[in-house]
Number of protein chains: 2
Amino acid sequence: MNEFELIARLTRALPGNETVVVGSGDDCAVLDVGAQDRLLLFKTDAVVEGIHFTKATPPRKIGRKALARCLSDVAAMAGTPTAALVTLGLPPGFEVSFVEAIYAGLNELAAQQGVAVVGGETTTNPERVLISVSLIGFVPRGRLLRRSGAKPGDAIFVTGELGGSLAGKHLDFEPRLVEARWLAEHFPIHTLMDVSDGLAGDLRHILNASGVGAELLKRAVPISRAAQLAAKAGDAAKPAFAAALTDGEDFELLFTTAGRLAIPLLDAWRKQFPKLRLSCIGKIVPGKQITIRDQRGAYPLNARGYVHFTPAKSHLADGGR
Amino acid sequence: MNEFELIARLTRALPGNETVVVGSGDDCAVLDVGAQDRLLLFKTDAVVEGIHFTKATPPRKIGRKALARCLSDVAAMAGTPTAALVTLGLPPGFEVSFVEAIYAGLNELAAQQGVAVVGGETTTNPERVLISVSLIGFVPRGRLLRRSGAKPGDAIFVTGELGGSLAGKHLDFEPRLVEARWLAEHFPIHTLMDVSDGLAGDLRHILNASGVGAELLKRAVPISRAAQLAAKAGDAAKPAFAAALTDGEDFELLFTTAGRLAIPLLDAWRKQFPKLRLSCIGKIVPGKQITIRDQRGAYPLNARGYVHFTPAKSHLADGGR
């Protein structure tokens, strides 16, 4: 049973109440807290030593990442983050300066984004550092972007470049808050999320929630320089395109809008965000599958994000990609 | 440096914004989220295997406790809890039935209290189970009870009985939500908190926040049967009265109101909550100290919650108490 299957099982019987607009299963929970013009976003996310960072990671970057991951989830709802609580699990005998540096990195990003850090707690986690951040934010009422809104004929977009995040980006990424709000304000976006588990897996969440399939153009998927370099050096566990599809922690935006708006959106984006690449990587189609199309044809991608290349012998002659 | 000193150091430089009504340093953070009639409460709390529960603790009780601790903090603000997120750190190879039982215990209490569980996440914490719960709730605007409102002449009250929680109550306690709201609605309560770190330490938080001292009547402090039994059996690390002052995890309410209201409040309480003991344990006085008064005189309590009995030789003859 993987994480998603476990969560699906656990979330079947969760108690609700009349404040819940969106419960589990989207980037943030959404609650109606009685404010006339907006809904509350509520999210929690944890980072653990040895998994999301190492003993060698500078503590400022650990603190920054712990908050940035939550901010990316608020971006995925086109929301504005407001306040955070920090839970710090620490081995006994930790250095105070280490903890202060974690907070310094977290506070700096919070201040940049207008987020108040309103407390939290420290507890003992004897073997390793663990940081859980809770975040609330807001989204205008009537502008809620869920994973379930994708429609056949939609164009699929992704910001930035994908893959190879472990080379450094996973500690330094910019949550796409401004970009997501701009999109929601200027275009009828159908669905929006952040790419945190890899494009293939996260697109799968949109497709499942929306009851549709997708066709991706291999050439259009933006592959990061880090993933390309790793593949060229021959020390990567997977080819660069597979890295772009399945590496985690990209924290870019993945969204769809009606296909006829693809060109106007790309034009407007380039004017608004000239430094951040936006790629139209394919389209939403009827069905359930993700299909990869290149100059030789179309190939299915399996549900887990693993690229299924076996039918394409000509590809093996092309370097295995 | 203890937990409180560390937190004091870390919270000096936390970023804020215009939504913050109460930041760190009270039972919950309080935020103005634009709802006309109420303020948002925001709290997070973690329990860790080997510290807050053991490998032998039934998982339903672990889940219940993880939520109940947060609920007690909402009670400490006389608030109403609304929605929770659950972060579960699990060693690899955990049993799914174990996780389901944690959720069952948590969900049952949530449903009883009208709290929606709106998601969360699982992450790997290789050596031990850790559960962090985030909770939001509400308090009516204008009825916010802080730790800083105690005034000389106030009567000090505590619900239930104190000490010896480890014998079982720490897993089964009832968060005093109904009682706290009733108090806030019917009496001009000056200050309110929950007793989670022991009466002496928690009263100290109120005194520091309010700039006052307190005099406790030894005879009036309600000592739990568990603490009394442990002391009689001779296997307790401390006498029963010291247990009542310094054991943690009582999760009772500690509050003050004007002394002239003490009798009317006790009378009204008995009618409203005939099954839950309420004790007037002393009064707020000028100064900074906590003084313990018994039939022989008055003795200071030091700041850390440790009972300082050395001046009282007659007490040593009385069995060290």
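Q: Quick question: what am I supposed to make of the sheet that holds strand β4 (residues 80–90) of chain B here?
A: Across a sheet, paired strands are connected by hydrogen bonds in the backbone, their directions being either parallel or antiparallel. Residue and element names in this part refer to chain B. Pairing within the open sheet is mixed, and its 6 strands lie in the order β1-β2-β3-β6-β4-β5. Each edge of the sheet is formed by a strand with only one pairing partner; in this case those strands are β1 (20–22) and β5 (116–124). When strand polarity is set aside, the average angle formed by the axes of neighbouring strands in this sheet is 25°. Relative to strand β6 (residues 130–140), β4 runs antiparallel, the two being bridged by 9 bridges. The partner of Leu88 across the bridge, within β6, is Ile131. On the sheet, helix α2 (residues 59–75) packs against β3 (38–48), β4 and β6 and is oriented at approximately 145° with respect to β3.

Q: Mind showing me how you'd approach the environment of A:Val195 here?
A: With respect to the helices and strands, the residue A:Val195 is situated in strand β8 (residues 191–195). Considered as a pair, A:Val195 and A:Leu253 are 58 residues apart in the sequence and their alpha carbons are 6.1 Å apart.

Q: Sorry if this is basic, but what is going on with the relation of the copies chain B and chain A here?
A: Turning one copy of the chain about an axis and sliding it along that axis gives the other copy, so a rotation and a shift relate them. With an RMSD of 0.0 Å, chain B superimposes on chain A once it is rotated by 180° and translated 0.0 Å along the axis. Here the copies are linked by what is in effect a two-fold axis. Across chain B, the rotation axis passes nearest the C-alpha of B:Ala35, at a separation of 2.1 Å. Mapped onto chain A, 100% of the interface residues of chain B again fall at the interface, so both copies present the same surface.

Q: What is the right way to look at the packing of α2(B) against helix α3 (residues 96–112) of chain B in this model?
A: When two helices pack together, their arrangement is given by the angle between their axes and by how far apart the axes lie. All names here are of chain B. Relative to each other, α2 and α3 sit at 45°, their axes nearing to 6 Å. Between α2 and α3, the crossing angle belongs to the class labelled oblique. In this structure, α2 meets α3 at a crossing whose hand is right-handed. Residue-level contacts link Pro59, Arg60, Lys61, Ile62, Gly63, Arg64, Ala66, Leu67 and Ala68 of α2 to Phe98, Ala101, Ile102, Tyr103, Ala104, Gly105, Leu106, Leu109 and Ala110 of α3. Residues that form the contact of α2 with α3 fall into these classes: 13 nonpolar, 2 polar and 3 charged.

Q: Explanation requested: unusual backbone geometry in the structure shown.
A: Peptide bonds are trans in most cases, and residues, glycine excluded, mostly fall at negative phi. Residue and element names in this part refer to chain B. Phi at Glu249 takes a positive value of approximately 60°, unusual for a residue other than glycine. By the secondary structure assignment, Glu249 is in the loop between α8 (240–246) and β10 (252–258). A count of 19 C-beta atoms within 10 Å places Glu249 in the partly exposed class. Positive phi values are uncommon outside glycine, yet Phe251 reaches one of about 55°. Mapping Phe251 onto the fold places it in the loop between α8 and β10. On the basis of neighbour count, Phe251 is assigned to the buried category, with 25 C-beta atoms found within 10 Å.

Q: Looking at this structure, I do not really get the sheet that holds strand β3 (residues 38–48) of chain A. What am I missing?
A: Residues and elements named next belong to chain A. Spatial strand order, β1-β2-β3-β6-β4-β5: 6 strands in an open sheet with mixed pairing. Every other strand in the sheet has two partners, leaving β1 (20–22) and β5 (116–124) as the edge strands with one partner each. Sheet twist, expressed as the average angle between the axes of neighbouring strands with direction ignored, equals 25°. Pairing of strand β4 (residues 80–90) with β5 involves 7 bridges; the strand directions are parallel. Looking at the pairing, Gly89 lines up with Thr123 of β5.

Q: Even after reading the chapter, I still don't get α2(B), so can you show me in this structure?
A: What sets the pattern is the α-helix's 3.6 residues per turn: residues three or four places apart point alike. Over its 17 residues, α2(B) runs 24 Å from end to end, which matches the ideal 24 Å to within 8%, given 1.5 Å per residue. With respect to burial, α2(B) is a largely interior element, 15 of its 17 residues being buried.

Q: Explanation requested: the interface of chain B and chain A in the structure shown.
A: For an interface, size is often stated in terms of accessible area lost upon the parts coming together. On the side of chain A, 58 residues touch chain B, which itself brings 58 residues to the contact. Breaking the side of chain B that touches chain A down by element, the ones donating at least two residues are α1 (3–10), β2 (29–31), β3, β4, α3, β5 and β6 of chain B. The biggest single contributor to the side of chain B that touches chain A is β5(B), with 9 residues. Along the lines of polarity and charge, the residues of the side of chain B that touches chain A split into 30 nonpolar, 22 polar and 6 charged.

The rules behind each value
- Residues numbered from 1 in each chain as written.
- Chains lettered and ligands numbered in written order.
- Predicted model: local features only at pLDDT ≥ 70, side-chain atom pairs only at ≥ 80, totals over all residues.
- Pairing = 2+ DSSP bridges.
- Helix = DSSP H or I, 4+ residues; strand = E, 2+ residues; numbered from the N terminus.
- Axes fitted to C-alpha atoms, helices over the stretch in contact; angles between N-to-C directions.
- Contact = placed C-beta atoms within 7 Å.
- Least-squares fit on C-alpha atoms with pLDDT ≥ 70 in both.
- Parallel < 35°, antiparallel > 145°, perpendicular 65-115°, else oblique.
- Left-handed = near helix turned anticlockwise from the far one by under 90°.
- Nonpolar A, V, L, I, M, F, W, Y, C, P; charged D, E, K, R; others polar.
- Buried ≥ 20, exposed ≤ 12 C-beta atoms within 10 Å, placed from the backbone.
- Expected span 1.5 Å × (residues − 1).

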